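In case you want the letters, here they are:
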Amino acid sequence: AARPRGAMSMFGNFGVNLGSVGNLFGASGPRLNYDLGEAYPRAAGGWTHYRATSKEDGSAASVFKFVCNDVHKERVRVEVARNGAKRLKTTRHPNILMLKDSLEVEEGDKLTIYVVTESVMPLEEHLKDLPTSTSQRDEYYALGIRQVATAVSFLANDCALVHGGVSMSTVVVTDRLDWKLAGLDLLSEHAAIGRGTHGPAPLVHAAFSVPDQYKPEEYRRGDWAGIPGGPPWAIDAWGLGCLIQEVYRGGAISRTDQLREVDHIPQVLLKDYQRLLATAPERRYNPKKLVENSNLFSNKLVETITFLDNLTLKDSIEKEQFFRHLPRVMESLAKAPVQRKILPQIGEALVFGSAPALAVSPMLHAAEGLSDDDFAAKVTPTIVKLFAKETSGSKETSSSDKLVRVALMENLSRFAEHLPNKLADETIFPAMSSSFTDEDPFVRELTLKATLVLAPKLTQRTHGNLLKYLSKLQIDPEPPIRANTTILLGNIARYLAEATAKRVLLNAFTRALRDQFPPARKAGLMALCSTVDFYEPGEAAQRVLPAAAPLTVDPEKEVRECAFRCLDMFTDLLKRFSVRVEEQGAEKASEAHKNDAEKAASKANRGGGANLGGALAWAVNAAAKRVGGSAPVDEDALAGRARRPEEEAAARGIDMSAKSFGSDAPPPRLYGEAYTPTSTPGTTPAKGGPPGGGRGGVQGVQAGGASYGREVGSSSHVSEEREVEVDDDGDGWGDMDDDLDLEAEKDARQRLAK
């Protein structure tokens, strides 16, 4: 039976002590908890490189398998393989292959070693899939060479270790396009090499396993005593030169004289390449200087990824400048490194708090063009973590998280289509809903806009919770928020259950008609027209017409014009209904009325903007075209399609320099810097009709504004004294009325009176 085999003394108890990441042993004994797939055609040393997947979670991995049929006859091979596994386990660096776990199994004289690592593929296989002779390809090559040179520099300068086999065959590429140094079988202490065959250095005992073209002269002739007298990077600098030659020629070299072929080596790298291959060991170029000084690495891809790698060391000003320009920089980069390397780096930086909220937009820009599956794997987990991110309670952390959430809501339209309905309903909206009650008006208004994007994905239960928030926002101290609440409700009406819509819509929209903010009154009128098919003829006659009629004498021309259009629509439908009642009977007339109303609503929605951009532009347009005129409104910016946040802010009348979460900062206004009506209305919903409507107008609104919760189609007259209805379902709509004894109304008026 198979059993774990202890390692030889020079390596300690390696075979028994497994790694810290996971246990490869099954419950019944030593077995590999990974399914091996197809093997790659080539791997360094005596290993076979397999694609693999975890049996536990299905995640991808790589498994390197070493097999020795007779451990007694092939002792050197076993020692070297064990050294490679041990070194992977103890040598940790971002540019060195990361070991996840290991397993050693003996069956008689046969020994099998498994090394499980992160998912990688051989560099040689990876380069076959890349285009040839493009500037973007050369930028990517420069990045990869820099990463390998960094690993070699770390081994030589920081650890005094010699790899002994640097070439294309010992470099692998991760799913995120990181080039990593592997094949550590010969990794030896620089000083130990001087002891030659009497010492423990695997590089000496297994030098035969490295082809001569990858060896400098002293290595090839076995001058072990002289090697410690040179710099520790001398042998691997030569190997790094061989790697550069192989990368740019597109394949492995087979002879040393091929290193003289420099036609395909970039001119900016040629001088450094020749220094790496110097004959004298002491004159070979230190890989550390190559990383720091080479002009090859002065390109946008390398600079961008280097900045992201060192993001925690940058100050806030540097970060802001970097992320503000990053979308434009990514336009010039190859799509593969942007989506597979830069995108996950930005996401991780946001999750761990090292990136500012400004990084949300570049992250989504990098994700453009991803399939739904790739988006779900690479971006959605980050979005969920950012929405659900818990704060530590400190003011600084809380403010940072709040800014990130605001950035996510500002960009919600760019990724909402990729969110599964269940995720949007159970995770995103609950996390976002706390912003409905935020103390900052800008955040409350932005939450309304974001909710419109999510509305199609929400369940009826969640819509019920949403209505509770909207009922409070309709009496918000900020007039623009009250108007946008009406707009939002008009646009989500199609997603509400029929019973809920009939109970809520008419109550909410007739209430908006009595708001003292003109765009809010216009929004109410337009919402009534947009949802005309929800109302029975009795409701239209007894509630809509009496509520809309007083606005025909509104101080604002736009409101008056909209009121006439609303009255025309409803009276036309009622006229046709009256004729059909006589000709066809009440039942058929009601059916025909429903069809006519649906056509009218469809026409109104096309004109008023049932889509996202037009919907939120209703009230904006109302204010932008106000009496006295103003600059034209950028509809694309208003719809969230601006290329820069400043453009959208300018279109919405927001001064970005004043955008603050402090209570002393002026609240951003959706409707421009100033609003100048012909009269002087207050900033809270009025109890009666609009200003200037006269006694008759006010009485008309009161007569038409039947108490919330009135039975549909009731023919009873509206009394002067109305009782407040009980809100049985608790959504905040059934108990809203004109009466000032409503606690919510009182609170709102008291706040505004201060």
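Conventions used here
Residues numbered from 1 in each chain as written. Predicted model: local features only at pLDDT ≥ 70, side-chain atom pairs only at ≥ 80, totals over all residues. Heavy atoms only, no water. Helix = DSSP H or I, 4+ residues; strand = E, 2+ residues; numbered from the N terminus. Buried < 20%, exposed > 50% of the residue type's maximum accessible area, 1.4 Å probe, protein only. Contact = heavy atoms within 4.5 Å. Areas by Shrake-Rupley, 256 points an atom, 1.4 Å probe, with all protein chains shown as cover. Pairing = 2+ DSSP bridges. Axes fitted to C-alpha atoms, helices over the stretch in contact; angles between N-to-C directions. Phe/Tyr/Trp six-rings, centres within 6.5 Å; stacked < 30°, edge-to-face > 60°. Salt bridge = Lys/Arg side-chain N within 4 Å of Asp/Glu carboxyl O. Parallel < 35°, antiparallel > 145°, perpendicular 65-115°, else oblique. Left-handed = near helix turned anticlockwise from the far one by under 90°. Nonpolar A, V, L, I, M, F, W, Y, C, P; charged D, E, K, R; others polar. pLDDT = per-residue confidence, 0-100. Patch = residues over 30% accessible without salt bridge, like charges linked within 9 Å, V, L, I, M, F, W, Y side chains within 5 Å. Lys, Arg positive; Asp, Glu negative; His and termini not counted. Charge placed at Lys NZ, Arg CZ, Asp CG, Glu CD. Polar contact = N/O pair within 3.5 Å; in protein donor to acceptor, adjacent residues only side chain to side chain.

> Is there a simple way to think about the overall build of the chain in this case?
A count of helical and extended segments in the chain gives 29 helices and 11 strands. Taking all 754 residues of the chain together, the buried fraction comes to 54%. Long-range contacts, defined here as pairs at least 24 residues apart, represent 66% of the contacts in the chain between residues at least 6 apart. Surface exposure of the chain reaches about 33500 Å², of which carbon and sulfur atoms provide 49%.

> Explanation requested: the sheet that holds strand 10 (residues 179–181) in the structure shown.
For sheets, the rule is that strands pair by backbone hydrogen bonds, running either parallel or antiparallel. Pairing within the open sheet is antiparallel, and its 3 strands lie in the order 7-9-10. In this open sheet, the two strands that pair with only one neighbour each are strand 7 (120–122) and strand 10. Taken pair by pair, the neighbouring strands of this sheet meet at an average axis angle of 40 degrees, ignoring direction. The pairing of strand 7 with strand 9 (residues 171–174) spans 3 bridges and is antiparallel. Counted as the bridge partner of Pro122 is Val172 from strand 9. Along the sheet face, helix 3 (residues 135–158) touches strand 9 and strand 10 and points at about 25 degrees away from the line of strand 10.

> Sorry, what's going on with unusual backbone geometry here?
Where the residue is not glycine, phi is negative for most of them; where a peptide bond is considered, it is trans in most cases. Of note in the backbone geometry, Ala160 takes a positive phi value of approximately 55 degrees without being a glycine. Secondary-structure assignment places Ala160 in the loop between helix 3 and strand 8 (161–162). Residue class for Ala160 comes out partly exposed when judged on its relative accessible area of 36%. The residue Leu177 is not glycine, and still its phi comes out positive at about 65 degrees. Within the element layout of this structure, Leu177 appears in the loop between strand 9 and strand 10. What makes Leu177 buried here is its relative accessible area of 4%.

> I'm lost on the packing of aromatic side chains in this one. Help?
Aromatic ring pairs are defined here through the distance separating the ring centres and the angle between the ring planes. Applying the stated rule across the entire model yields 10 aromatic pairs. Both rings, one in Trp47 and one in Phe66, keep their centres 5.6 Å apart while their planes meet at 50 degrees; by these two values the pair is tilted. Pair noted here: Trp47 is in strand 3 (residues 47–54) and Phe66 is in strand 4 (residues 60–68), with a separation of 19 residues, a long-range link. Since its relative accessible area comes to 10%, Trp47 is described here as buried. Seen in terms of ring centroids, Tyr140 and Trp179 are 5.8 Å apart; in terms of plane orientation they differ by 90 degrees. Their pairing is edge-to-face. With Tyr140 in helix 3 and Trp179 in strand 10, the pair connects residues that are 39 residues apart, well separated along the chain. Across the pair, Trp179 and Tyr140 agree in class, each one buried.

> Would you mind showing me how to read the pairing of strand 3 here?
If a strand is regular, its side chains alternate between the two faces of the sheet. Examined bridge by bridge, strand 2 (residues 34–39) and strand 3 share 4 bridges and lie antiparallel to one another. Residue pairing for strand 3: Leu36 is matched across the bridge by Ala52. Note: strand 3 against strand 4, 7 bridges, orientation antiparallel. Note on strand 4: the bridge partner recorded for Ala52 is Ala61. Hairpin connection from strand 3 to strand 4: 5 residues lie between these consecutive antiparallel strands, with Gly58 at a positive phi of about 75 degrees.

> Explain the pattern of salt bridges to me, please; I cannot follow it from the model alone.
It is possible for side chains bearing opposite charge to pair when their charged atoms get close. The full count for this structure, using the stated rule, is 31 salt bridges. The shortest N-O distance in the salt bridge between Asp212 and Lys215 comes to 3.7 Å. Overall, the relative accessible area of 42% leaves Asp212 in the partly exposed class. The partner of Lys502 in a salt bridge is Glu536, with the nearest N and O atoms 3.5 Å apart. Here Lys502 is found in helix 20 (residues 498–512), whereas its partner Glu536 is found in the loop between helix 21 (518–530) and helix 22 (537–548), with 34 residues between them in sequence. For Lys502, a relative accessible area of 22% gives the class partly exposed.

> How do you make sense of the environment of Val71 when you look at a structure like this?
Summarising the element assignment, Val71 is placed in the loop between strand 4 and helix 1 (75–90). The class for Val71 is buried, based on a relative accessible area of 6%. Taking the C-alpha atoms as reference points, Val71 and Asp109, separated by 38 residues in sequence, lie 5.8 Å from one another. Every residue in contact with Val71, bar those within four places of it in the chain, is listed here: Val78, Asp109 and Leu111.

> It is not clear to me how the packing of helix 21 against helix 23 (residues 557–584) should be interpreted in this structure. Could you clarify?
Angle between the axes and distance between the axes are the two parameters that describe a pair of packed helices. Running from N to C, helix 21 and helix 23 point in directions that differ by 15 degrees, and their axes come no closer than 9 Å. Looking at the two axes, helix 21 sits roughly parallel to helix 23. In terms of crossing hand, the pair formed by helix 21 and helix 23 is left-handed. Of helix 23, the residues touching helix 21 (which contributes Pro518, Arg521, Lys522, Leu525, Met526, Leu528 and Cys529) are Glu558, Val559, Cys562, Ala563, Cys566, Met569 and Phe570. In terms of residue class, the contact of helix 21 with helix 23 is built from 11 nonpolar, no polar and 3 charged.

> How should the pairing of strand 6 (residues 110–117) be read in this particular structure?
For strand 6, a buried count of 7 out of 8 residues is recorded, marking the element as mostly surrounded by other parts of the structure. Bridging between strand 5 (residues 99–107) and strand 6 involves 8 bridges; their strand directions are antiparallel. Looking at the pairing, Leu103 lines up with Tyr114 of strand 6. From the end of strand 5 to the start of strand 6, which pair antiparallel, there are 2 residues, and Gly108 there has a positive phi angle of about 65 degrees.

> In this structure, what is going on with the confidence of the model for the chain? I would like to understand it.
If pLDDT is low for a region, its predicted coordinates should not be looked at in detail. Model confidence for the chain is summarised by a mean pLDDT of 79, while 75% of its residues fall at 70 or above. Overall, residues 652–726 carries pLDDT values under 50, and its contacts beyond four positions in sequence, including any with other chains, amount to 158 contacts. When the criterion is pLDDT under 50, residues 735–741 qualifies, and its contacts beyond four places in sequence or with other chains add up to 26 contacts.

> Would you take a moment to explain the side chain of Thr117 for this structure?
Structurally, Thr117 is set in strand 6. Accessibility expressed as a relative area gives 0% for Thr117, which makes it buried.

> Looking at this structure, how should I read the packing of helix 18 (residues 460–473) against helix 19 (residues 479–492)?
Relative to each other, helix 18 and helix 19 sit at 145 degrees, their axes nearing to 9 Å. The handedness of the crossing between helix 18 and helix 19 comes out as left-handed. Of the residues in helix 19, those touching helix 18 at Leu466, Leu467, Leu470 and Leu473 are Ile481, Arg482, Thr485, Leu488, Leu489 and Ile492. Broken down by class, the residue content of the contact of helix 18 with helix 19 amounts to 8 nonpolar, 1 polar and 1 charged.

> What exactly am I supposed to notice about a negative patch on the surface here?
Residues Asp372, Asp373, Asp374 and Glu417 make up a contiguous surface patch of negative charge. Tracing the backbone through its elements, the reader meets Glu417 in the loop between helix 15 (395–410) and helix 16 (421–432). The class of Glu417 is exposed, set by a relative accessible area of 62%.

> Please explain the environment of Thr486 as it appears in this structure.
Looking at where Thr486 falls in the secondary structure, it is placed in helix 19. Residues Thr486 and Leu528, spaced 42 residues apart in sequence, show a C-alpha to C-alpha distance of 10.0 Å. In terms of polar contacts, Thr486 uses its side chain to reach the side chain of Gln474, at 3.4 Å.

> Looking at this model, I keep getting lost on the environment of Lys215. Mind explaining?
Assignment of secondary structure puts Lys215 in the loop between helix 4 (202–205) and helix 5 (217–220). C-alpha of Lys215 to C-alpha of Gly165: the two residues are 50 residues apart in sequence and 8.0 Å apart in space. For Lys215, the contacting residues outside a window of four places in its chain are Ala207, Phe208, Val210, Arg220 and Trp238.

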